[in-house]
Amino acid sequence: MLKPYQTIEDVLASPWAQQPQAERMERTDRVLRSTKLENNIYHDLRAEDTAMDEIERSAGEKLRSFPALSQDVFQSFYSLMPRHNDETVLSSAARKFNAPILEHITQSEEYPTLKEVCEGRELPAYEAALEFASTVSDELDELMRQLGGKKDALNTLEKLEQAQEAAAQRLSELMEQLDGSGPDDPSLNGDVIKAANEAESKRRQVEAVTKLIDNSAMQSKEAVGGIVHHALSAASQRAEEVQSIIGAWSDEPGDLKRTPANLALLERVRASEALRDVSRYLGRFREIFAQGKRNGYAYGRGEKYSLELGNDLSRALTSELAMLAAPETLPLFLRKYQRRQIKQYRRREPIYKGAGDIICCLDESGSTAGECAAWGKAVALTLLEIAESEGRKFALVHFSGPGRFQTDLFLPKQTTVEDKLRAAETFLDGGTDFCTPMNEALRLMQEEGFDNADIVFITDGECVLTQEYISKLQEKQPARRFTITGILLDQGNEGMDFSLKAFCQTIYRTSELTGDAIVHEIVDVRGNFNTQLPIDSCVQ
């Protein structure tokens with residue numbers, strides 16, 4: 001090919017002579033910008049993570065910018081307002097590979113939902129980024145082919161751009177010498193012409209490869225979008241799993257940091273299908289209960305509390321806490337806090353009529369295996385949460401066939417996470433017998449001091465009690481002052497009779513209410529568990 005510049009005049013009339021002196025620019029693989037705090041958070045999360053190490057090592061051998069992509073994906077999930085670096089400072093791999101991947105992420109329909117789970121929450125954000133990186137690394141060869149047009153095109157472009165920058169820098173230096181010595185130096189003129197042709201050659205090569213890559217990316221947009229969508233779906237499931245597990249089992253469900261305790265909990269639950277199934281419900285049910293406790297200053301049936309002065313920040317008015325936001329009002333807030341003059345909601349202690357301990361009888365017959373068992377255990381553990389919050393004893397009576405039962409006792413302030421996990425993993429299987437759990441409940445009241453017990457009976461109802469046994473229970477109920485709430489898992493079997501209805505104060509049916517609605521009812525009107533109602537006042 002004929003060289004475009006034959007004389008020094010050709011060079012001086014070219015665009016190269018009109019350009020300012022070239023400066024070597026520091027390129028970055030990071031498409032998104034991170035604050036120093038966000039960088040520290042990510043690097044702390046990355047420390048000693050061998051899984052991400054292996055993913056980035058393997059993928060980095062094919063694409064040098066892959067580790068930066070991992071951090072950018074985390075940044076896009078975690079940051080409140082992801083900010084982009086200027087395109088001029090991006091490396092070729094960042095522009096042509098990382099940036100399109102991130103664009104597909106942020107334009108996906110799943111992205112807002114994923115952000116809702118991950119934003120400002122380092123553990124789900126990091127776990128989601130890890131899952132995304134793992135999925136994308138498995139498809140990296142195909143992605144590079146789709147986005148690059150052919151194998152190693154991205155790496156080729158990067159090398160060409162580096163060579164172009166070096167050639168432009170060399171030409172700039174020679175042009176500066178030429179300005180100082182004038183155009184009468186044949187040797188210098190020859191060097192300038194050679195450098196100009198070299199720079200132009202590299203520019204054209206970069207232009208050609210760039211066009212090839214852009215055309216391929218345009219044609220493969222749908223295919224790339226499909227791969228990214230698959231990876232993003234996996235990331236979303238991972239984030240939701242983290243949120244549900246921590247929300248279900250942690251003593252601090254709002255603490256979504258990557259602590260050793262949380263990592264151990266994730267490992268423990270992920271290893272058990274039963275625990276994973278329960279987690280899908282329990283996290284949500286605990287939030288329903290927590291929301292009931294947080295909601296304003298209403299209690300029970302909605303009676304409003306008055307205001308008082310004090311320094312209990314958990315009950316302080318929002319208008320008082322707003323003083324913390326401005327340096328000018330901070331001293332005023334501190335003074336009011338020290339003098340116990342912060343306006344706060346007055347909290348009346350609820351007075352229960354015959355408040356008692358809770359006994360949950362959970363049907364674990366073969367007919368409840370699967371979703372019914374997971375839902376029932378989640379309800380039982382939510383009842384445990386209620387009992388713990390009120391300093392009441394709790395017993396979970398697992399039952400199936402005649403004489404087959406297991407009782408887990410939970411005493412106030414003595415329950416560990418592992419105790420709950422073991423209880424949730426229990427499943428007896430077999431037939432169904434109501435006498436066995438009711439006898440155990442009576443024993444707990446008589447021998448274990450379960451006073452004025454609130455019994456919650458969760459079953460699919462496939463059992464019949466004799467009239468003699470029902471009469472026996474009806475005789476004992478006023479003396480023992482216990483109440484029974486029945487939860488009948490009869491969805492799909494509307495009209496099923498329930499042999500416990502003769503002595504239940506309340507019966508909830510999954511054929512009439514959704515699972516969440518039943519939990520809302522239990523939380524919102526849990527005082528019903530503590531009110532001694534006439535035996536003939538059944539609510540069905």
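So, here is what we can say about the structure in this document. Residue positions are counted from 1 within each chain, in the order its sequence is given. Local features in this predicted model are restricted to residues whose pLDDT is 70 or higher, and side-chain atom pairs enter the listing and the counts only when it is 80 or higher, whereas totals over whole chains, interfaces and linings include all residues. Side-chain numbers come from the whole structure's heavy atoms, not from hydrogens or water.

**Comments concerning the overall build of the chain**
So, step 1. A tally of regular secondary structure across the chain gives 21 helices and twelve strands.
So, step 2. Within the chain, buried positions represent 47% of all 540 residues.
So, step 3. Residue pairs at least 24 apart in sequence account for 79% of intrachain contacts in the chain once pairs closer than 6 positions are excluded.
So, step 4. All accessibility values rest on the Shrake-Rupley procedure with a 1.4 Å probe; residue burial counts only the protein chains present in the view. In the form shown here, the chain has an accessible surface area of approximately 27,000 Å², with 49% of it arising from carbon and sulfur atoms. Helix numbers and strand numbers start at the N terminus; a helix is a DSSP run of H or I with at least 4 residues, a strand a run of E with at least 2. Each residue is assigned to one of three classes by its accessible area relative to the maximum for its type, calculated with a 1.4 Å probe on protein chains only: buried under 20%, partly exposed between the two thresholds, exposed over 50%. Working rule for contacts: check all heavy atoms of both residues, and any pair within 4.5 Å makes them a contact.

**Considerations on the state of the cysteines**
So, step 1. In plain terms, two cysteine sulfur atoms within 2.5 Å form what is called a disulfide here. The final tally for this structure, using the stated rule, is zero disulfides.
So, step 2. Free of any disulfide, Cys360 has its nearest neighbouring cysteine sulfur in Cys361, separated by 6.8 Å.
So, step 3. Among the residues examined, Cys361 registers a relative accessible area of 0% and is labelled buried.

**What to know about the nonpolar core**
So, step 1. Buried Ala, Val, Leu, Ile, Met, Phe, Trp, Tyr and Cys residues form a nonpolar core when they are joined through side-chain atoms within 4.5 Å. Grouped together as the largest cluster of nonpolar side chains are 46 residues, with contacts concentrated most on Trp249, Val379, Phe394 and Ile487.
So, step 2. A total of ten residues in this core trace back to one element, the largest contributor, which is helix α17 (residues 371-389).
So, step 3. Not counting chain neighbours up to four residues away, the residues in contact with Phe394 comprise Ile358, Cys360, Ala380, Leu383, Leu384, Ala387, Asp408, Leu409, Phe410 and Phe450.
So, step 4. The next biggest cluster of nonpolar side chains, apart from the first, holds 45 residues, and it includes Tyr42, Phe74, Ala93 and Leu232.

**Quick word on the packing of helix α6 (residues 92-106) against helix α9 (residues 140-148)**
So, step 1. Relative to each other, α6 and α9 sit at 105°, their axes nearing to 10 Å. As summarised for this structure, α6 and α9 are arranged roughly perpendicular, according to the angle between their axes. When α6 is examined against α9, the residues Lys96, Phe97, Pro100 and Ile101 are found in contact with a partner set consisting of Leu140, Leu143, Met144 and Leu147.
So, step 2. Only Asp, Glu, Lys and Arg are considered charged in this grouping, and only Ala, Val, Leu, Ile, Met, Phe, Trp, Tyr, Cys and Pro are considered nonpolar; every other residue, Gly among them, is considered polar. Considered class by class, the residues forming the contact of α6 with α9 number seven nonpolar, no polar and one charged. With axes taken as lines fitted to C-alpha atoms, and helix axes fitted only over the stretch in contact, angles between N-to-C directions fall between 0 and 180 degrees. Roughly parallel means an angle under 35 degrees; roughly antiparallel means over 145; roughly perpendicular covers 65 to 115; every other angle is labelled oblique.

**Re the packing of aromatic side chains**
So, step 1. When two rings of Phe, Tyr or Trp (its six-membered ring) have centres within 6.5 Å they constitute a pair, described as stacked for plane angles under 30 degrees, edge-to-face for angles over 60, and tilted for the intermediate range. What the rule picks out here adds up to ten aromatic pairs.
So, step 2. Ring plane angle 85° and centroid distance 6.3 Å describe the contact between Phe285 and Trp375, whose orientation is recorded as edge-to-face. In this pair, Phe285 sits in helix α14 (residues 273-294) while Trp375 sits in helix α17, placing the two residues 90 residues apart along the sequence. With respect to class, Phe285 is no different from Trp375; both count as buried.
So, step 3. Judged by centre distance (5.0 Å) and plane angle (80°), the ring pair of Phe434 and Phe457 falls under edge-to-face. One end of the pair, Phe434, is in the loop between α18 (417-425) and α19 (435-447); the other, Phe457, is in strand β10 (residues 454-459), and 23 residues separate them in sequence.
So, step 4. Classification of Phe434 by relative accessible area gives buried; the value is 0%.
So, step 5. The rings of Tyr42, Phe74, Tyr78 and Tyr126 are connected pair by pair, giving a single aromatic cluster.
So, step 6. Any Lys NZ or Arg CZ found within 6 Å of a ring centre and within 35 degrees of that ring's normal is scored as a charge over the ring. The lysine or arginine in question, Lys393, covers the ring of Phe450, its NZ or CZ lying 5.4 Å from the ring centre.

**A short note on helix α3 (residues 36-46)**
So, step 1. All of the buried residues along α3 are Glu38, Ile41, Tyr42, Leu45 and Arg46. One side of α3 carries all its buried residues, which in axial view fall inside an arc of 135°. Opposite the packed face of α3, turned more than 90 degrees from it, sit the exposed residues Lys36, Leu37 and Asp44.
So, step 2. For α3, the secondary structure elements touched by its buried residues are β1 (32-33), α4 (50-60), α5 (66-78) and α8 (122-138).
So, step 3. Once α3 finishes, Glu48 follows within two positions and takes phi at roughly 65°, a positive value. By arc we mean the arc of the directions from the helix axis to the C-beta atoms, nothing more.

**Considering a nonpolar patch on the surface**
So, step 1. Exposure above 30% relative accessible area and the absence of a salt bridge qualify a residue for a patch, where like charges join within 9 Å and nonpolar side chains (Val, Leu, Ile, Met, Phe, Trp, Tyr) within 5 Å. Counted as salt bridges are all cases of a side-chain nitrogen of Lys or Arg within 4 Å of a carboxyl oxygen of Asp or Glu. The grouping of Leu313, Leu321, Leu324, Leu330, Leu334 and Tyr337 at the surface amounts to a nonpolar patch, some 480 Å² of accessible area in total.
So, step 2. By residue number, the principal contributor to the nonpolar patch is helix α16 (residues 330-338), which donates three residues.
So, step 3. Its place among the elements puts Leu321 in helix α15 (residues 318-321).

**So, the pattern of salt bridges**
So, step 1. Evaluation of the coordinates by the stated rule reveals 33 salt bridges.
So, step 2. Asp53 is paired through a salt bridge with Arg46; the nearest N and O atoms lie 2.8 Å apart.
So, step 3. Taking relative accessible area as the criterion, Asp53 reaches 36% and is therefore assigned partly exposed.
So, step 4. Look at Arg46 and you get buried, because its relative accessible area is 14%.
So, step 5. Glu388 is the salt-bridge partner of Lys420, the closest N and O atoms lying 3.5 Å from each other. With Lys420 in helix α18 and Glu388 in helix α17, the pair connects residues that are 32 residues apart, well separated along the chain.
So, step 6. For Lys420, a relative accessible area of 10% gives the class buried.
So, step 7. The network of salt bridges with shared partners includes Asp49, Glu127, Glu131, Arg238, Glu241, Arg258 and Arg270.

**Some remarks on the side chain of Asp460**
So, step 1. Along the polypeptide, Asp460 turns up in the loop between β10 and α20 (467-480).
So, step 2. In this tally, Asp and Glu contribute negative charge and Lys and Arg positive charge; neither His nor the terminal groups of the chain are included. For the buried Asp460, no salt bridge is present, and the opposite-charge side chain at shortest range is Arg509, 11 Å distant.
So, step 3. Here Ser367 takes part through its side chain, which lies 2.3 Å from a polar atom of the side chain of Asp460. For this analysis, a polar contact is any N or O atom pair within 3.5 Å, provided that within protein one partner can donate a hydrogen and the other can accept it, and provided that sequence-adjacent residues contribute only side-chain to side-chain pairs.

**Side note on the sheet that holds strand β12 (residues 506-509)**
So, step 1. Being paired, for any two strands, means DSSP has found at least two bridges between them. Across the sheet, which stays open at both edges, the six strands sit in the order β9-β8-β7-β10-β11-β12 with mixed pairing between neighbours. Edge positions in the sheet fall to β9 (405-410) and β12, since each of these pairs with one other strand and no more. Taking each pair of neighbouring strands and ignoring which way they run, the sheet shows an average axis angle of 15°.
So, step 2. Across six bridges, strand β8 (residues 394-399) lies against β9 in antiparallel orientation. Bridging from a neighbouring strand, Ala395 pairs with Leu409 of β9.
So, step 3. On top of the sheet, helix α21 (residues 515-524) reaches β11 (483-488) and β12; it is set at about 155° to β12, its chief contact.

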